[in-house]
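Residue-level listing of the chains:
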Amino acid sequence: MSKTIIISNRLPLQISISEDHLEVTPSVGGLATGLKSFHKDGDSIWIGWPGMTEEEIPENLKNKVQQKAREENCVAVHLNANEIDGFYYGFSNRTIWPLFHYFMEYTESDDDYWHTYKEVNQKYADEILKHYKEGDVIWVHDYQLLLVPNMVREQAPDAIIGFFNHIPFPSYEVFRTLPWRDEVLQGMLGADLIGFHTYDYERHFLSSVSRILRHQVDFNQITLPDRIVKVDSFPMGIDYKKFEQAALDHYESTSADQSELQKRLDHHLESTPDAKLILSIDRLDYTKGIAHRIRAYEYFLDKNPEYIEKVRLVMLAVPSRSNVPQYRRLKREIDELVGRINGKFSTVSWTPIWYFYRSMPFENLIDLYTTCEIALLTPIRDGMNLVAKEYIATRTDHTGVLILSEMAGAAHEMNEALIINPNNFEQVAEALKTAFEMPKEEQIERNKMLQKRLRRYSVEKWAGDFMKSLRSTKENRESFQSIKINSEITQEIMTKFQQAERRILFIDYDGTLVNFTDKPENARPDADLKELIRDLNADDKTDVILISGRDKDTLGTWWKDVPVELISEHGVWMRQIDGEWELSENVKSEWMDAVRPVIENFVDRTPGTFIEEKNYSLAWHYRKADPELGEIRANELSTTLKELISNRGLSVLEGNKVLEIKSSGVNKGKASTKKLVGKDYDFIFAIGDDWTDEYMFEDLPEDSVTVKVGIKKTSARYYVEGTLKVRTLLENFRKNN
Ligand SMILES: O=P(O)(O)OC[C@H]1O[C@H](O[C@H]2O[C@H](CO)[C@@H](O)[C@H](O)[C@H]2O)[C@H](O)[C@@H](O)[C@@H]1O
Ligand SMILES: O=c1ccn([C@@H]2O[C@H](COP(=O)(O)OP(=O)(O)O)[C@@H](O)[C@H]2O)c(=O)[nH]1
Ligand SMILES: [Mg+2]
């Protein structure tokens, strides 16, 4: 039976050792807490790190760790202190984490960290491969494992691999500063589906892929030479019922069951009639805006002294990544700030901030969520922020006010909260006042809407949607309309080729025989290619025709010494084997003077684009332009030209990063079928990469062997991934000549 393999840096369970025996506690942090319920209910194994270094686990307890993990369908990946240093504290949390959260000044570029990161990613990938069986679905999580998808793909090319990034993906302008940006993107692109919490992170990623790797991006699909990668946003939800039920149980419990914490909270609330508690919970992380929050609270108390002795900020900061200097510095800063503010405002019976630096068990979190009437969450950047969602889910009587930073992914779905900019402390203080004064009816109205959405888009639904979309990428792969040429199909084609008496091969040039270059004039044929074409054509039974959109002078020069027929400008000119060119279509060129200035205007406004002049057509190239601007301008130009040329017998061809204007009557379909007249070819072959080659695929007789280069929508019967594969196929013809 097939299973799901979940991989994340940290397992949902955390191992610790006290007095020689193992203790297992749940891990803290959104990923582990969120995904746990999906794992519990499904048929899955979870691979990850158990939270202690190899050195910290005594030899005699190592098996025990694995056994404890196994009891929860987990597999522990052991990492030594050196690996944790370079991989976790190093590259993950001193390079990627700050960079992806826009803390560029904290971002370190250290080659050793990078090397360890690669090694550890490989270790995770190897562990996956140990457990992987065909049909399993692999789901890789988060920024610690960005290289894993491609590492798995290399060993298991047909595996179904999903990747989810739990933290923001920064804008291209920030991401581009990473020295290892190409490798990181390539690592992620090993997946079939890449998920983010919000559309903004998704579009930043797509824009980086298109600008840095220059892959073709259409809406949310990336076309690689051999695969298509889908990118989408899936905002992670919570185990709503678990939090709701815990809150209901909490309200029903008797006072004898109450925790110490609950008693203290109640004590404050009973101290004056309009006493209020403000809650904040986060890992102690500089992205969470904890200092901003405290300063805004100070500002609030300064401005609104009537709240003194009535309001209290209950701040839970969970220790996190304390080996990283910034986290240690932050700890000191927060300690000092809390001390200063408590010193400034405290009275004999009251302190403004209750500060807990520790993690709390689930029951205490529920005490906090249910008792505090206001939650104040002010991250400066946050992938999602599940605390915001958990708070709302526990408010079973629908009261309570959530103040939430617009920089948290969660803010996109939680519009009914009081949304603030954490850098604007006046606004935060204002929101606190609004929260205190908000009528119960309004609180209820807002929370009901929030709860409805959170209940529906729970973590199960989130994981289910991701999985469904991931599986559909596999179905798409299988239903892909043209067939990939593998060794079996090559054999079939070669048999047909050998049995034939008269063969004709139509071969496109750019993107088929040679790769694209930034300047069209640089894509000249190499000596091997010339020899290959010469040999193919040497057989009396085989006619080779290079059929291209290029102008005749370039083609003629490049193929001067090779006896092969050439068709240029999509069929305007034909060169016989003996080297003589003849005009094959009666085409006009007077229109060019009217159209050229229009295109020139686009060249001026779109850096990196240029015009290629041919005898009977004009081509506007935008391969070197900014990819997004290029597509926008191509659309614009196409519309403008179509209006301009209507009724003139001209048409606009949309090629691979090129728009070409030429006579309507001329195309590769017409040109190639013309070559068949009067000849009885019993093997017809056509190969090409772009839109203009589709005319051949459509017009040639049905039993022709038509081949598209690259994975694109096509009428060709077969496809191959790239120019290297084209050469292999042609080599095969040469062998069977
Ligand atoms: O494992 P740690 O280094 O202790 O860090 C804890 C986790 O923090 C991050 O959580 C993120 O995922 C949450 C759920 O998608 C999201 O709500 C939050 O905004 C993110 O910061 C991190 O991504 C995890 O890998 C860590 O385990
Ligand atoms: O003492 C604590 C404090 C918090 N959490 C959980 O830690 C997660 C924090 O996730 P969030 O997405 O808010 O932030 P992250 O830490 O992942 O950046 C939430 O599920 C909390 O319930 C916890 O288990 N124990
Ligand atoms: Mg081509």
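What counts and what doesn't
Residues numbered from 1 in each chain as written. Chains lettered and ligands numbered in written order. Predicted model: local features only at pLDDT ≥ 70, side-chain atom pairs only at ≥ 80, totals over all residues. Heavy atoms only, no water. Helix = DSSP H or I, 4+ residues; strand = E, 2+ residues; numbered from the N terminus. Buried < 20%, exposed > 50% of the residue type's maximum accessible area, 1.4 Å probe, protein only. Contact = heavy atoms within 4.5 Å. Areas by Shrake-Rupley, 256 points an atom, 1.4 Å probe, with all protein chains shown as cover. Lys, Arg positive; Asp, Glu negative; His and termini not counted. Charge placed at Lys NZ, Arg CZ, Asp CG, Glu CD. Near = heavy atom within 4 Å. Polar contact = N/O pair within 3.5 Å; in protein donor to acceptor, adjacent residues only side chain to side chain. Nonpolar A, V, L, I, M, F, W, Y, C, P; charged D, E, K, R; others polar. Domains from an automatic or database assignment. Core = buried A, V, L, I, M, F, W, Y, C linked by side-chain atoms within 4.5 Å. Salt bridge = Lys/Arg side-chain N within 4 Å of Asp/Glu carboxyl O. Pairing = 2+ DSSP bridges. Donors = N, O, S within 2.8 Å, 3.2 Å for Na, K, Ca; no water. Axes fitted to C-alpha atoms, helices over the stretch in contact; angles between N-to-C directions. Right-handed = clockwise from strand over helix to strand, strands pointing away. Phe/Tyr/Trp six-rings, centres within 6.5 Å; stacked < 30°, edge-to-face > 60°. Lys NZ or Arg CZ within 6 Å of the ring centre and 35° of its normal. Buried area = accessible area lost by both parts, 1.4 Å probe.

K.L.:
If you had to explain the overall build of the protein to someone new, which residues and values would you point to?
P.N.:
Along its length, the protein carries 25 helices and 30 strands. By its C-alpha atoms, the protein is 105 × 65 × 45 Å across when sized along the principal axes. Across the 737 residues of the protein, 57% fall into the buried class. Pairs at least 24 apart in sequence give 70% of the contacts found in the protein among residues at least 6 apart. Roughly 31400 Å² of accessible area belongs to the protein as shown, and the carbon and sulfur atoms make up 47% of that amount. Here the protein holds 94 positive side-chain charges and 120 negative ones, and the gap between their average locations is 1 Å.

K.L.:
Describe in detail the site of ligand 2, supporting the description with residues and values.
P.N.:
Near ligand 2 there are 17 residues, and of these Gly30, Thr33, Arg283, Met360 and Glu390 occur at the shortest range. Within the backbone of valine 387, one N or O atom sits 3.3 Å away from an oxygen atom of ligand 2. Here an oxygen atom of ligand 2 sits 2.5 Å away from a polar atom, N or O, in the side chain of glutamate 390. Elements with a minimum of two residues in the shell around ligand 2: α1 (30–41), β12 (276–283), β13 (311–318), α13 (362–371) and α14 (386–394). No other element matches α14, which puts 3 residues into the shell around ligand 2. Split into classes, the residues belonging to the shell around ligand 2 amount to 9 nonpolar, 5 polar and 3 charged. Here the shell around ligand 2 spans two domains, and each of domain 1 (4–78 + 117–233) and domain 2 (240–456) adds at least three residues to it.

K.L.:
Before we move on, can you summarise the nonpolar core with the specific residues and values?
P.N.:
Tyr124, Ile138, Ile194, Phe205 and Tyr297 are the most contacted members of the largest nonpolar core, which totals 102 residues. With 9 residues, helix α3 (residues 81–100) is the single largest residue contributor to this core. Two domains share this core, each providing at least three of its residues, namely domain 1 (4–78 + 117–233) and domain 2 (240–456). Discounting residues that sit within four places of it in the chain, phenylalanine 205 has contacts with Phe169, Leu185, Met188, Leu189, Ile194, Phe196, Ile222 and Val231. Core analysis: the second largest hydrophobic core is formed by 68 residues, Leu277, Leu402, Leu404 and Ala463 among them.

K.L.:
Can you tell me about the pattern of salt bridges, naming the residues and giving the values?
P.N.:
For the coordinates displayed, the defined rule picks out 50 salt bridges. Among the ionic pairs, arginine 181 bridges to aspartate 182, the shortest N-O distance being 3.7 Å. For glutamate 373, the salt bridge identified is with lysine 276, shortest N-O distance 3.8 Å. Of this pair, glutamate 373 sits in the loop between α13 and β15 (374–377) while lysine 276 is found in strand β12, placing the two residues 97 residues apart along the sequence. Each of Glu298, Asp302, Arg340 and Lys344 takes part in one network of salt bridges that share partners.

K.L.:
Describe the pairing of strand β24 (residues 610–613), listing the residues and the values that go with them.
P.N.:
The pairing of β24 with strand β25 (residues 618–621) spans 4 bridges and is antiparallel. What sits directly across from phenylalanine 610, in β25, is histidine 621. Taking the residues that link successive antiparallel strands as the turn, the β24-β25 hairpin has 4 residues.

K.L.:
I'd love a proper account of the coordination of the magnesium ion (ligand 3), names of residues and values included.
P.N.:
At this site the magnesium ion (ligand 3) is bound by Asp508 (OD), Asp510 (O) and Asp689 (OD), with donor distances of 2.0 to 2.1 Å. Counting residues between consecutive donors of the magnesium ion (ligand 3) along the chain gives the motif D-x1-D-x178-D. Here aspartate 689 lies in the loop between β28 (683–688) and α24 (694–699) and aspartate 508 lies in the loop between β19 (503–507) and α19 (527–538), a separation of 181 residues in the sequence. Just as aspartate 508 is buried, aspartate 689 falls in that class too.

K.L.:
Which residues make up the sheet that holds strand β22 (residues 573–575), and what values do they have?
P.N.:
The strands that make up a sheet pair up through hydrogen bonds in the backbone, lying either parallel or antiparallel. Ordered by their spatial adjacency, 9 strands build an open sheet running β18-β30-β29-β28-β19-β20-β21-β22-β23, and the pairing between neighbours is mixed. The sheet is open, and its two edges are formed by β18 (483–484) and β23 (581–583), each paired on a single side. Sheet topology note: the strand β29 (residues 705–709)/strand β30 (residues 718–720) ladder contains 3 bridges and is parallel. By the bridge assignment for β30, valine 707 is matched with tyrosine 718. Against the sheet, α19 makes contact with β19 and β20 (542–547), and its axis sits at roughly 140° relative to β20, the strand it touches most. This element, helix α25 (residues 723–736), spans β19, β28, β29 and β30 of the sheet and lies at about 160° to β28.

K.L.:
Which residues make up the site of ligand 1, and what values go with them?
P.N.:
Every one of the 20 residues lining ligand 1 counts as a neighbour, but Arg10, Tyr88, Asp142, His166 and Asp382 are closest to it. Note that an oxygen atom of ligand 1 is positioned 2.9 Å from one of the backbone N or O atoms of asparagine 385. The fraction of the free accessible surface of ligand 1 (560 Å²) that becomes covered by protein chains is 95%. Looking at the shell around ligand 1, its residues break down into 8 nonpolar, 7 polar and 5 charged.

K.L.:
Give me the lowdown on the pairing of β29, citing residues and values where you can.
P.N.:
With 5 of its 5 residues buried, β29 lies for the most part within the structure. Covered by surrounding structure in β29 are Val705, Val707 and Val709 together with Thr706 and Lys708, the residues of both alternating faces. Where β28 meets β29, 4 bridges bridge the pair, whose relative direction is parallel. Looking at β29, one finds that isoleucine 687 is bridged to valine 707. Tracing the backbone out of β28, into α24 and back to the parallel element β29 gives a crossover that is right-handed.

K.L.:
Report on the sheet that holds strand β16 (residues 401–405), specifying residues and quantitative values.
P.N.:
The 6 strands are arranged β14-β13-β12-β15-β16-β17 in an open sheet whose pairing can be described as parallel. Since the sheet does not close on itself, it has two edges, and those belong to β14 (353–357) and β17 (418–420), each with one partner. Across this sheet, the average inter-strand angle for adjacent strands is 20°, counted without regard to direction. In the sheet, β16 pairs with β17 via 3 bridges, with the strands oriented parallel. Each residue of the ladder has a partner; that of leucine 404, found in β17, is isoleucine 419. Packing against the sheet, helix α10 (residues 260–271) makes contact with β12, β13 and β14, and its axis sits at approximately 140° to β12.

K.L.:
Explain the packing of aromatic side chains to me, using residue names and the numbers behind them.
P.N.:
This structure, assessed with the given rule, holds 43 aromatic pairs. With centroids separated by 4.9 Å and ring planes inclined at 40°, the aromatic side chains of phenylalanine 169 and phenylalanine 175 adopt a geometry described as tilted. Phenylalanine 169 gets classed as buried once you look at its relative accessible area, which sits at 0%. Given a relative accessible area of 0%, phenylalanine 175 falls into the buried group. Ring geometry for tyrosine 509 versus tryptophan 559: centroids 6.2 Å apart, planes at 90°, classification edge-to-face. With tyrosine 509 in the loop between β19 and α19 and tryptophan 559 in the loop between α20 (552–558) and β21 (565–568), this pair connects stretches of sequence that are 50 residues apart. Accessibility classification places tyrosine 509 together with tryptophan 559 in one group, the buried group. Three or more aromatic residues joined by ring pairs make a cluster, and in this case those are Phe38, Trp139, Phe164, Phe234, Trp462 and Phe466. Positioned above the aromatic ring of phenylalanine 497 is the side chain of arginine 503, whose terminal nitrogen or guanidinium carbon lies 3.9 Å from the ring centre.

K.L.:
Could you give an account of the domain arrangement of the protein, naming the residues involved and the relevant values?
P.N.:
One frequently used descriptor of interface size is the decrease in accessible area upon assembly of the parts. Per the domain assignment, the segments making up the protein are domain 1 (4–78 + 117–233), domain 2 (240–456), domain 3 (483–585 + 666–735) and domain 4 (592–662). One C-alpha centre belongs to domain 1, the other to domain 4, and the line joining them spans 43 Å. Tallying the contact residues gives 4 residues for domain 1 and 6 residues for domain 4. Of the roughly 450 Å² buried between domain 1 and domain 4 on both sides combined, carbon and sulfur atoms contribute 34%.

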